[in-house]
Amino acid sequence: SAMAVARAVEDLLEHRASHGLCDDADAQRVALERRLDGDGVDADEDAVYQAFGAVRFGYANALARWADNTRARGGLEAVTRQIVTWELARGRVDAAAVALGAHGEVAPELRAAIETARAAEAARVARLSALEREHDPRLGQRTRLFMLTLLTGIWVLIPLGAWLHGHDPQTE
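Quick notes on the rules
- Residues numbered from 1 in each chain as written.
- Predicted model: local features only at pLDDT ≥ 70, side-chain atom pairs only at ≥ 80, totals over all residues.
- Heavy atoms only, no water.
- Patch = residues over 30% accessible without salt bridge, like charges linked within 9 Å, V, L, I, M, F, W, Y side chains within 5 Å.
- Areas by Shrake-Rupley, 256 points an atom, 1.4 Å probe, with all protein chains shown as cover.
- Salt bridge = Lys/Arg side-chain N within 4 Å of Asp/Glu carboxyl O.
- Helix = DSSP H or I, 4+ residues; strand = E, 2+ residues; numbered from the N terminus.
- Buried < 20%, exposed > 50% of the residue type's maximum accessible area, 1.4 Å probe, protein only.
- Core = buried A, V, L, I, M, F, W, Y, C linked by side-chain atoms within 4.5 Å.
- Contact = heavy atoms within 4.5 Å.
- pLDDT = per-residue confidence, 0-100.
- Phe/Tyr/Trp six-rings, centres within 6.5 Å; stacked < 30°, edge-to-face > 60°.
- Polar contact = N/O pair within 3.5 Å; in protein donor to acceptor, adjacent residues only side chain to side chain.
- Axes fitted to C-alpha atoms, helices over the stretch in contact; angles between N-to-C directions.
- Parallel < 35°, antiparallel > 145°, perpendicular 65-115°, else oblique.
- Left-handed = near helix turned anticlockwise from the far one by under 90°.
- Nonpolar A, V, L, I, M, F, W, Y, C, P; charged D, E, K, R; others polar.

**Describing a nonpolar patch on the surface**
Link 1 in the chain: Where nonpolar side chains cluster on the molecular surface, the patch consists of Phe-146, Met-147, Leu-150, Leu-151, Ile-154 and Ile-158 and spans about 580 Å² of accessible area.
Link 2 in the chain: With respect to the helices, strands and loops of the structure, Ile-158 is situated in helix H6 (residues 141–166).

**As for the pattern of salt bridges**
Link 1 in the chain: Under the counting rule described, the total for this entry stands at 13 salt bridges.
Link 2 in the chain: Here Arg-29 makes a salt bridge to Glu-33, at a shortest N to O gap of 3.5 Å. Remark: Glu-33 and Arg-29 occur in helix H1 (residues 2–35); sequence separation between them is 4 residues, near one turn of the helix.
Link 3 in the chain: According to the relative accessible area criterion, Glu-33 is partly exposed, its value standing at 33%.
Link 4 in the chain: Asp-94 serves as the salt-bridge partner of Arg-118, at 3.5 Å between the closest nitrogen and oxygen. Of this pair, Arg-118 sits in helix H5 (residues 108–134) while Asp-94 sits in helix H4 (residues 93–101), placing them 24 residues apart in sequence.
Link 5 in the chain: Overlapping salt bridges, with partners in common, bring together Glu-45, Glu-87, Arg-90 and Arg-92 in one network.

**Points about the nonpolar core**
Link 1 in the chain: Counting 26 residues, the largest nonpolar core has Leu-32, Val-48, Tyr-59, Ile-83, Val-84 and Ile-114 as its most contacted members.
Link 2 in the chain: Mapped onto this core, the elements with two or more residues apiece are H1, helix H2 (45–65), helix H3 (70–89), H4 and H5.
Link 3 in the chain: The element best represented in this core is H2, accounting for 7 residues.
Link 4 in the chain: Those residues within four positions of Tyr-59 in sequence are excluded, and the remaining contacts are Cys-22, Ala-25, Asp-26, Arg-29, Arg-71, Ala-72, Gly-75 and Leu-76.

**Considering the confidence of the model for the chain**
Link 1 in the chain: Mean pLDDT over the chain: 85, with 88% of residues reaching 70 or higher.
Link 2 in the chain: At the level of individual helices and strands, the chain shows its lowest average pLDDT in H1, which scores 81, and its highest in H2, which scores 91.

**A word on the packing of aromatic side chains**
Link 1 in the chain: Summed over all chains, the structure comprises 2 aromatic pairs.
Link 2 in the chain: Ring geometry for Tyr-49 against Phe-52: centres 6.1 Å apart, planes inclined by 85 degrees, an arrangement best described as edge-to-face. Of this pair, Tyr-49 and Phe-52 both sit in helix H2, 3 residues apart, which is roughly one turn of that helix.
Link 3 in the chain: On the accessibility criterion, Phe-52 (3% relative accessible area) is buried.

**A look at the environment of Glu-87**
Link 1 in the chain: Positionally, Glu-87 belongs in helix H3.
Link 2 in the chain: For the pair Glu-87 and Ala-99, spaced 12 residues apart in sequence, the C-alpha separation works out to 8.8 Å.
Link 3 in the chain: Residues within four places of Glu-87 in sequence aside, it is in contact with Tyr-49, Arg-92, Ala-95 and Ala-96.
Link 4 in the chain: Here Tyr-49 takes part through its side chain, which lies 2.4 Å from a polar atom of the side chain of Glu-87.

**Thoughts on the packing of H2 against H3**
Link 1 in the chain: Relative to each other, H2 and H3 sit at 160 degrees, their axes nearing to 8 Å. Here H2 lies roughly antiparallel to H3, going by the angle between them. Between H2 and H3 lies a crossing of left-handed hand. In this structure, H2 contributes Glu-45, Val-48, Tyr-49, Phe-52, Val-55, Arg-56, Tyr-59, Ala-62 and Leu-63 to the contact, and H3 contributes Arg-71, Ala-72, Arg-73, Gly-75, Leu-76, Val-79, Thr-80, Ile-83, Trp-86 and Glu-87.
Link 2 in the chain: The residue makeup of the contact of H2 with H3, split by class, is 12 nonpolar, 2 polar and 5 charged.

This is the structure we're talking about:
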């Protein structure tokens, strides 16, 4: 019927527009990948997040046009995986969690990697806190002051006592 043909043409146009948005997002994702080439640790953070936002926006718009666009869904997951991995490599666990949280469909292995990194960060902070407590100069300060006063008193009083004991004021 004519309604079915009209609906098919409308779906085709929506799918074509969605694919066009994916093409743009794919091109921006390639540019983002170039920024993160190698370890990406030295990449300009503002430029990376600006590119990430543009890529994510492109894929989200493609999905808004056509919710079943697997290419857009896969691209969104791939770019999210890339930014989360980049943030974890930089040691920024909270930023990785935020980037992952912005993506509705959370990959379990990324969530596990973030939790592992959080546990490692918590262990590192605990070790640093213990080290700080161990080397805190205020710890034992009263005991050291007491011992210093006691030893100074002994150092002064013993020679003074010996001198007084050996010194006879009537012989002078």
